[in-house]
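Structural overview for review
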Amino acid sequence: QAPVEIQFWHGLPQPLGGQLEQIVAGFNASQAGVKVVPSFRGSYPETMVAAIAAFRANAAPHVVQMFEVGTGTMMAAGRAVKPVHELLSEAGVTIDFNDYLPAVRGYYQASDGRQMSMPFNSSTAVMWYNKDHFKRAGLNPEAPPKTWEEVAEALKKLKAAGIASPMTTSWPAWIQVEQVSAIHNVPLASLGNGFDGLGATMQVNNPLMVRHMNNLIAWQRDGLFKYGGRDNAPDALFPAGEVSIAMASSGLRSRITREARFEWGTAMLPYYGDVAGAPHNSIIGGASFWALNRGPQGGRNAAEWKGVAEFYRYLSNPEIDAKWHMETGYVPVRRASYQVAKSAGFYEKNPGSDVPIEQLLRGGEMTPNTRGIRLGGYVEIRNIVQEEMEKSFQGQQNGQQAMDAVVQRGNAVLRNFERQNRG
Ligand SMILES: O=P(O)(O)OC[C@H](O)CO
């Protein structure tokens, strides 16, 4: 009998995309009843748009990899989504979600605690730095800057040592707005960043964010900071040796280990040294897997859902999760996987590879400002953030004006989403 085919769309470029497809190949080789067919559909935002369009055309994939900021939109997508808890119970497959890290599991659970999507490639953002550049600038390569004040000093020294663009950031909205807010325990939006309801409003025009935007604007003007584009477009700059400091996903490790021809280190994201209570934990990024109906009429049979459930069971295996973590820099999503990596001596052999995990745990208990973001239409709001940052870097507005514009335009998106999705 031919195996059940499961279409799986993902949004990871190389080398990560190939590594993910190897995991799929491992699943396909592990049994004969199900064949998962992976397909790269462009960036995370492109993959999300493609999946929604395909659903409307009755041709959705069984599983789509969706970046974390699409979560609010997917939670409200109703019958388009087959929730994980329902999928597993119908298929008779058990996954121990209690063993998953609360920050990861909670991100993808409905407010009643039921699992909506399948956690897999969770990351956080870290600070990658070029030790060769640090040495050239007379900076201690084993003591990277901890605060933004120290970062600013280091950037000046790196510039003086001839580095044309000492710093960049990938994912400008995720790292310079969402992470900076969480690390200082400042709300990005009301109602616990949207976790507590659809009525949330944007709150980024606060003194911390305005200060930070004004700093980025000044550093860019002075040639200390290079705006490298939206989303993951700046990812290439660090492994190419063009910048000394890059704030980027922990998953960039995969590319850095393959491409960098210099000594590099991993450090935690900086914080403002004069903000009481900082630093708090950073938030997760990356993606989770959503099971989709074929179209508005449903269109799936029990064997297909069972196939998806078996695929998820495989992904939840701590050996598989640990392998993915160790090969890519994404964090282990289960405690058991973290143990597998520890027992393998991975962290001793790869100094700095535990920085993302430590940073997610920094500062004790999570607060409503450090759990993450659950805003419908947030993918659109991220683009607004990036647009307003770009206007600032072009000298058209200051940090206050940029953050005021994000609040005003972002709230329009939120109210529109609320109107369309309130029960
Ligand atoms: O590059 P990733 O997979 O760590 O994802 C980064 C951001 O969280 C995407 O929203």
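Residues numbered from 1 in each chain as written. Predicted model: local features only at pLDDT ≥ 70, side-chain atom pairs only at ≥ 80, totals over all residues. Heavy atoms only, no water.

1. Remarks on the domain arrangement of the protein chain
Examined at the domain level, the protein chain breaks down into domain 1 (4-123 + 284-344) and domain 2 (125-282 + 367-421). With 27 residues of domain 1 at the contact, the number on the domain 2 side is 26 residues. Linking Arg382 and Glu68 is a salt bridge whose minimum nitrogen-to-oxygen distance equals 3.2 Å. Our count for the contact surface shared by domain 1 and domain 2 stands at 10 residue pairs in polar contact (both at pLDDT 80 or more). Of all the secondary structure elements, the ones that give two or more residues to the side of domain 1 that touches domain 2 are α1 (16-30), α2 (44-56), α3 (71-75), α5 (102-107) and α13 (318-328). Here the side of domain 1 that touches domain 2 takes 4 residues from α3, the largest share from any one element. A class-by-class count of the residues in the side of domain 1 that touches domain 2 yields 14 nonpolar, 11 polar and 2 charged. (Domains from an automatic or database assignment. Contact = heavy atoms within 4.5 Å. Salt bridge = Lys/Arg side-chain N within 4 Å of Asp/Glu carboxyl O. Polar contact = N/O pair within 3.5 Å; in protein donor to acceptor, adjacent residues only side chain to side chain. Helix = DSSP H or I, 4+ residues; strand = E, 2+ residues; numbered from the N terminus. Nonpolar A, V, L, I, M, F, W, Y, C, P; charged D, E, K, R; others polar.)

2. Things to note about the environment of Phe195
Note that Phe195 resides in the loop between α9 (190-193) and α10 (207-221). Residue Phe195 is classed as buried on the basis of its relative accessible area, which comes to 15%. Separated by 84 residues in sequence, Phe195 and Ser111 place their C-alpha atoms 7.7 Å apart. (Buried < 20%, exposed > 50% of the residue type's maximum accessible area, 1.4 Å probe, protein only.)

3. What about the site of the ligand?
Close to the ligand lie Tyr44, Phe67, Glu68, Ser123, Trp171, Trp174, Ser249, Gly285, Gly286, Tyr330 and Arg382, which account for all nearby residues. Gly286 is positioned such that a nitrogen or oxygen atom in its backbone is 3.0 Å from an oxygen atom of the ligand. In the model, an oxygen atom of the ligand is placed 2.7 Å from a nitrogen or oxygen of the Arg382 side chain. Coverage of the ligand by the protein chains reaches 96% of its 300 Å² of free accessible surface. Here the residues of the shell around the ligand sort into 5 nonpolar, 4 polar and 2 charged. Taken together, domain 1 (4-123 + 284-344) and domain 2 (125-282 + 367-421) each give at least three residues to the shell around the ligand, which thus spans both. (Near = heavy atom within 4 Å. Areas by Shrake-Rupley, 256 points an atom, 1.4 Å probe, with all protein chains shown as cover.)

4. Some words on helix α7 (residues 148-160)
Its 13 residues give α7 an end-to-end C-alpha distance of 18 Å, which sits within 8% of 18 Å, the value for a rise of 1.5 Å per residue. Within α7 the residues assigned to the buried category are Trp148, Val151, Ala152, Ala154, Leu155 and Leu158. One side of α7 holds all its buried residues, which, seen down the axis, span an arc of 165°. In this structure, the buried residues of α7 make contact with β6 (125-130), α6 (131-136), β7 (167-169), α8 (172-183), α10 and β9 (245-249). The positive-phi residue at the C-terminal boundary of α7 is Gly162, with phi of around 100°. (Expected span 1.5 Å × (residues − 1). Arc of directions from axis to C-beta.)

5. Remarks on the pattern of salt bridges
Taken as a whole and judged by the stated rule, the model has 24 salt bridges. A salt bridge links Arg114 to Asp112; the nearest nitrogen and oxygen atoms lie 3.0 Å apart. Of the residues examined, Asp112 reaches a relative accessible area of 48% and is grouped as partly exposed. We note a salt bridge from Arg415 to Glu418, for which the minimum N-O separation is 2.7 Å. Of this pair, Arg415 and Glu418 both sit in helix α18 (residues 399-421), 3 residues apart, roughly one helical turn. Salt bridges sharing partners connect three or more residues here, namely Glu387, Glu388, Lys391 and Arg409.

6. Regarding the environment of Lys306
Its place among the elements puts Lys306 in helix α12 (residues 302-315). Placed 186 residues apart in sequence, Lys306 and Phe120 show a C-alpha to C-alpha distance of 19 Å. Every residue in contact with Lys306, bar those within four places of it in the chain, is listed here: Ala91 and Val93. A distance of 3.3 Å separates a polar atom in the side chain of Lys306 from the backbone oxygen of Ala91.

7. A closer look at the nonpolar core
Formed by 125 residues in total, the largest nonpolar core has its most connected members in Met118, Met167, Met202, Val204, Phe289, Tyr312 and Leu375. Taken together, domain 1 (4-123 + 284-344) and domain 2 (125-282 + 367-421) each give at least three residues to this core, which thus spans both. Counting residues in hydrophobic clusters, the runner-up holds 12 residues, among them Phe238, Ala246, Ala248 and Ala260. (Core = buried A, V, L, I, M, F, W, Y, C linked by side-chain atoms within 4.5 Å.)

8. Quick notes on the pairing of β9
When you tally the buried positions in β9, you get 5 out of 5 residues, the bulk of the element. Note: β6 against β9, 5 bridges, orientation antiparallel. Residue pairing across strands places Trp128 opposite Ala246, the latter belonging to β9. Across 3 bridges, the pairing between β7 and β9 is parallel. Within the sheet, the bridge partner assigned to Thr168 lies in β9 and is Ala246. (Pairing = 2+ DSSP bridges.)

9. Let's talk about the packing of aromatic side chains
Tallied over the entire structure, the rule returns 22 aromatic pairs. Taking the ring centre of Trp9 as reference, the NZ or CZ of Arg41 above it sits at 3.9 Å. In this arrangement the basic side chain of Lys342 is found over the ring face of Tyr338, its NZ or CZ atom lying 4.3 Å from the centre. (Phe/Tyr/Trp six-rings, centres within 6.5 Å; stacked < 30°, edge-to-face > 60°. Lys NZ or Arg CZ within 6 Å of the ring centre and 35° of its normal.)

10. What to know about the sheet that holds β6
Backbone-to-backbone hydrogen bonds join strands into a sheet, with any given pair of strands oriented parallel or antiparallel. Read across the sheet, 5 strands follow the order β8-β7-β9-β6-β10 without closing on themselves; strand pairing throughout is mixed. Edge positions in the sheet fall to β8 (225-226) and β10 (264-267), since each has one partner strand and no second.

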